[in-house]
Amino acid sequence: MTVRPADYCPDCGTETTAREIEGRERRYCESCARPVFQNPAPGTDVTVVDDDRVLLVERAAPPGTGEWTVPGGHMEADEHPRTAAVRELREETGVSADPDDLTLIGTDLLDPFRGKYVVNVGFAVPATDTAGKPTAESDASDVSFFTPDELDGDEYELRPHVRDRVDAALDALD
Ligand SMILES: [Zn+2]
């Protein structure tokens, strides 16, 4: 299993070939006699909601450097999505939360970046259940609370899924 089409088998290193399997063209390892499936990478994010405002971070690294997004990232292999979401929140903004205080707001398939697809698990948490003043930390160049109206203008560039995520978070915690 790989997140991008595999030119080489991740198990034995043999160069893969193209083969149609189950109606899709897939990479295939002749040596292992099995397909090397491409699958999405799981990610998670958490929207902190303070009354009618949401906490966003300005990305300091690709994809989307300079764009505003919800704090989040990839899970470690053995990490629960809730645990990963609060870890990413803490790493990017210095804000801490209890994984059990998160509300699941939805799952999305994000647009691919260099061929990698991400399935994202979105959470929301009220600011009253968090601790710490937001500051820009790892992977973030700025942090701020925004109302939906502020995000609708062209002043701030958003990651593609962020506007929907903000609406879902505000609805979920209404
Ligand atoms: Zn192989």
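Located above this text is the structure these notes cover.
1. Notes on the overall build of the protein
Next, step 1: For the protein, the count of helices and strands is 3 helices and 12 strands.
Next, step 2: The C-alpha extent of the protein, read off along each of the three principal axes, is 55 × 35 × 25 Å.
Next, step 3: Across the 174 residues that make up the protein, the buried fraction comes to 40%.
Next, step 4: Put simply, of all contacts in the protein between residues at least 6 apart along the chain, 62% involve residues at least 24 apart.
Next, step 5: When the accessible surface of the protein is totalled, it reaches about 9,500 Å², and 44% of it is carbon and sulfur.

2. Things to note about the coordination of the zinc ion
Next, step 1: Taken together, the protein donors to the zinc ion comprise Cys9 (SG), Cys12 (SG), Cys29 (SG) and Cys32 (SG), at separations of 2.2 to 2.3 Å.
Next, step 2: One can describe the donor arrangement at the zinc ion as tetrahedral, given that its 4 donor atoms subtend angles of 101 to 116° at the metal.
Next, step 3: For the zinc ion, all donor residues lie on one chain, and their spacing in sequence is C-x2-C-x16-C-x2-C. With Cys12 in the segment before strand S1 (17-21) and Cys29 in strand S2 (residues 24-29), this pair connects stretches of sequence that are 17 residues apart.
Next, step 4: Assessed through its relative accessible area of 37%, Cys12 is described here as partly exposed.
Next, step 5: The exposure class assigned to Cys29 is buried, which follows from its relative accessible area of 0%.

3. Here's the deal with a negative patch on the surface
Next, step 1: Judged by side-chain charge, Asp51, Asp52, Asp149, Glu150, Asp154 and Glu155 come together as a negatively charged surface patch.
Next, step 2: Its relative accessible area of 71% is what places Asp51 among the exposed residues.

4. Quick look at helix H1 (residues 81-93)
Next, step 1: Over its 13 residues, H1 runs 18 Å from end to end, which matches the ideal 18 Å to within 8%, given 1.5 Å per residue.
Next, step 2: Along H1, the residues that are buried comprise Ala84, Ala85, Val86, Arg87, Glu88, Leu89, Glu92 and Thr93.
Next, step 3: In the core, the buried residues of H1 are packed alongside strand S4 (41-50), strand S5 (53-59), strand S7 (72-74), strand S8 (96-97), strand S10 (116-126) and strand S12 (140-146).
Next, step 4: Two residues or fewer after H1 comes Gly94, characterised by a positive phi angle close to 80°.

5. Quick word on the side chain of Glu67
Next, step 1: Tracing the backbone shows Glu67 in the loop between S5 and strand S6 (68-69).
Next, step 2: The exposure class of Glu67 is buried, given its relative accessible area of 14%.
Next, step 3: Not counting residues within four places of it along the chain, the set of residues in contact with Glu67 comprises Val57, Glu58, Arg59, Glu157, Leu158, Arg159 and Pro160.

6. Digging into the sheet that holds S2
Next, step 1: Strand order across the open sheet formed by 3 strands is S1-S2-S3, with antiparallel pairing between neighbours. The open sheet terminates on both sides in strands that have one partner only, identified here as S1 and strand S3 (34-36). Each neighbouring strand pair of the sheet contributes to a mean axis angle of 60°, computed without reference to strand direction.
Next, step 2: Inspection of the sheet shows S1 paired to S2 by 5 bridges, in the antiparallel sense. Note that in S2 the partner of Ala18 across the bridge is Arg27.

7. Brief notes about a nonpolar patch on the surface
Next, step 1: A surface patch of nonpolar side chains, amounting to about 260 Å² of accessible area, comprises Leu109, Tyr117 and Val119.
Next, step 2: For Val119, a relative accessible area of 32% gives the class partly exposed.

8. Details of unusual backbone geometry
Next, step 1: With an omega of -5°, the peptide bond between Pro62 and Pro63 qualifies as cis.
Next, step 2: Within the element layout of this structure, Pro63 appears in the loop between S5 and S6.
Next, step 3: Located in the positive-phi region is Glu22, a residue other than glycine, with phi close to 50°.
Next, step 4: Despite not being glycine, Ala33 has its phi angle at roughly 55°, a positive value.

The rules behind each value
- Residues numbered from 1 in each chain as written.
- Predicted model: local features only at pLDDT ≥ 70, side-chain atom pairs only at ≥ 80, totals over all residues.
- Heavy atoms only, no water.
- Helix = DSSP H or I, 4+ residues; strand = E, 2+ residues; numbered from the N terminus.
- Buried < 20%, exposed > 50% of the residue type's maximum accessible area, 1.4 Å probe, protein only.
- Contact = heavy atoms within 4.5 Å.
- Areas by Shrake-Rupley, 256 points an atom, 1.4 Å probe, with all protein chains shown as cover.
- Donors = N, O, S within 2.8 Å, 3.2 Å for Na, K, Ca; no water.
- Tetrahedral: all angles 85-135°; square planar, octahedral: opposite > 155°, others 65-115°.
- Patch = residues over 30% accessible without salt bridge, like charges linked within 9 Å, V, L, I, M, F, W, Y side chains within 5 Å.
- Salt bridge = Lys/Arg side-chain N within 4 Å of Asp/Glu carboxyl O.
- Lys, Arg positive; Asp, Glu negative; His and termini not counted.
- Charge placed at Lys NZ, Arg CZ, Asp CG, Glu CD.
- Expected span 1.5 Å × (residues − 1).
- Pairing = 2+ DSSP bridges.
- Axes fitted to C-alpha atoms, helices over the stretch in contact; angles between N-to-C directions.

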